[in-house]
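Fold and contact review
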Amino acid sequence: FAYIYLGRGHAYMQLNKPREAKNDFEMALEVCQPFNKEKAYAALGGYYVAVQDFPHSIEYFKKALELNPQSAMLCMDIGNSYNAIGDYDEAEKYYKRALTFNPELAEIYYNKAVKASDQAKGVDKEQTEAYLDKCIEINPMFIKLASFLVLGLCCAVAGCISVSRLSLINHETMLLEIEMDAI
């Protein structure tokens, strides 16, 4: 029954019904066998990312990671959540851990590029480009996402826009959001 709740919860997330999704993810956690709890914890972590409650997302992703300590994807999700709250050192720690388990995970390099391009810390153009190059080397499908990031960086450096938000990629979505404000 847990898979039914998880599947319906993911469908609710796609329909932008997070409250219903959370209820199903919690039900999945209640009824699942111990070996399936990782998926339920990860789904709840994803829910909390969607509602931008990053401390709770970290909590649930870490519970999932306890059950699967070599999951590069869960390490990436934890890193993304730390990045979202501005704890860049913890984010980097989890990104590095993810790469020890899967050094060919292109999403990590993309997310590290987004982190390096964060204007709150100052744009590190060379590091951003190096991460993007590695990302595209591993998976050429990232060239479109990378081009949007580079476009935003070039415009930000040139002073014609302000990049106010870049979204990281997680294992549930392949979505890139860039909010730009005219200067």
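Note that the coordinates shown come from a computational prediction; the quantities given were computed from them, not determined experimentally.

What follows concerns the overall build of the chain. Each helix and strand in the chain was counted, giving nine helices and two strands. Scanning the chain from its N terminus toward the C terminus, one meets helices and strands in the order α-α-α-α-α-α-α-α-α-β-β. Relative to its full complement of 183 residues, the chain shows a buried share of 43%. Here the chain displays about 9,800 Å² of accessible surface, and carbon together with sulfur accounts for 54% of that area.

Right, let's talk about the side chain of Asn-80 for a bit. With respect to the helices and strands, Asn-80 occurs in helix H5 (residues 72-84). A relative accessible area of 8% means that Asn-80 is categorised as buried.

Pairs can form between side chains of opposite charge whenever their charged atoms are close. Under the definition given, this model contains six salt bridges. Between Lys-22 and Glu-26 there is a salt bridge whose closest N-O contact spans 3.7 Å. Here Lys-22 pairs with Glu-26, and both are found in helix H2 (residues 18-31), just four residues apart, close to one helical turn. Classification of Lys-22 by relative accessible area gives partly exposed; the value is 22%. Judged by its relative accessible area of 30%, Glu-26 is partly exposed. Note that Lys-93 is salt-bridged to Glu-90, the shortest N-O span being 3.3 Å. With Lys-93 and Glu-90 both in helix H6 (residues 88-101), this residue pair falls three residues apart, about one helical turn. The class of Lys-93 is partly exposed, set by a relative accessible area of 44%. Glu-90 gets classed as partly exposed once you look at its relative accessible area, which sits at 21%.

Conventions adopted
Residues numbered from 1 in each chain as written. Predicted model: local features only at pLDDT ≥ 70, side-chain atom pairs only at ≥ 80, totals over all residues. Heavy atoms only, no water. Helix = DSSP H or I, 4+ residues; strand = E, 2+ residues; numbered from the N terminus. Buried < 20%, exposed > 50% of the residue type's maximum accessible area, 1.4 Å probe, protein only. Areas by Shrake-Rupley, 256 points an atom, 1.4 Å probe, with all protein chains shown as cover. Salt bridge = Lys/Arg side-chain N within 4 Å of Asp/Glu carboxyl O.

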